[in-house]
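Coordinate inspection notes
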Amino acid sequence: MRNSILVIISMFCAVSLEAQIALHGHAHNDYMHQRPLFEALENGFISIEIDVFLHNNDLIVSHTATGLDKKQDIEELYLKPIQKIIKENGGHVYKDYTGPVIFMVELKTSADPGYKKLKEILDKYKDMLAVYDHDSLVKPGPIQILITGNKPYNAVMNEQTSYATIDGDIQNLKDSKYLHVITRYSSPWNLYFTWTGNGPMPQDEKDRLDTLVADVHKRGKQIRFYAIPDKPAVWRMLLNEHVDWVNTDKLKEYNHFYLNEYNGH
């Protein structure tokens, strides 16, 4: 298995050099694609979601807790391949894009044990990781780690420096207790909106969207909605209203839309 992964990585490096960045695209549940990581990078994504379970003292990539013994861990699926790609591309994930790629790691099991194991693993890849003092970037890196799911707020708050920041809940935006370890706020679409992309967005919902975006940006953070109606009309609305991350499972479709149909308009 390890050798086959390395072969795929070697084949992919040449492809990744030509990827065009689909700005604002967040590859939701990336590991559920046929080729995790590689399809996201081929389509120019710079935010990639990875669900993990702490299982047998390892972080196994999976959406559910079933069959964990037969599934791969975060190192094999993500960290080792991206390390090789970064080396091939002279210190960046993409040859012609020098910005970071975000790995949004969703801890599906208890926050503190999961985070402890994640730190242990990440320490082996520290040369490619951004380092933070709470929400302040103190050392840039081609990979940024963002933690969601079961969130180790107190553990990160108590660290002087860390490899990760946290994805907060939009509904807790007014709670400032953990503000200084949060860099992104996310919540489900249907918590705030009923619009599914058919016809114009109701004005009251558009006003609500504008207010949420403004409130998050006022705090110097980024915003994302998940479980959105995954279609171009909704992508366009989110981009037009300055939502930072468009949550999508349709990687090729979003890349085509952003580069050929939207392109900032």
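Our subject in this report is the structure included herewith.

Moving on: the nonpolar core. Among the nonpolar cores identified, the biggest contains 80 residues, and Ile 74, Tyr 78, Ile 82, Phe 103, Ile 143, Ile 145 and Phe 225 are the most heavily contacted of them. At seven residues, helix H3 (residues 74-88) tops the list of elements feeding residues into this core. With sequence-adjacent residues up to four places away left out, Ile 82 is seen in contact with Leu 37, Leu 41, Val 93, Phe 103, Met 128 and Ile 143.

With that settled, consider unusual backbone geometry. Non-glycine residue Asn 56 carries a positive phi angle of around 50°. Secondary-structure assignment places Asn 56 in the loop between strand S2 (47-55) and strand S3 (58-61). Residues other than glycine seldom take positive phi values, yet Asn 57 does so here, at roughly 60°.

Our focus in this paragraph is the pattern of salt bridges. Under the definition given, this model contains 15 salt bridges. A salt bridge links Lys 119 to Glu 159, with the nearest nitrogen and oxygen atoms 2.7 Å apart. Here the residue Lys 119 occupies a position in helix H4 (residues 111-122), and Glu 159 occupies one in the loop between helix H5 (153-157) and strand S8 (164-169), the gap between them amounting to 40 residues. Residue Lys 119 is classed as partly exposed on the basis of its relative accessible area, which comes to 34%. In the salt-bridge network here, residues are joined through shared partners; they are Glu 49, Asp 167 and Arg 224.

Calculation notes
Residues numbered from 1 in each chain as written. Predicted model: local features only at pLDDT ≥ 70, side-chain atom pairs only at ≥ 80, totals over all residues. Heavy atoms only, no water. Core = buried A, V, L, I, M, F, W, Y, C linked by side-chain atoms within 4.5 Å. Buried < 20%, exposed > 50% of the residue type's maximum accessible area, 1.4 Å probe, protein only. Helix = DSSP H or I, 4+ residues; strand = E, 2+ residues; numbered from the N terminus. Contact = heavy atoms within 4.5 Å. Salt bridge = Lys/Arg side-chain N within 4 Å of Asp/Glu carboxyl O.

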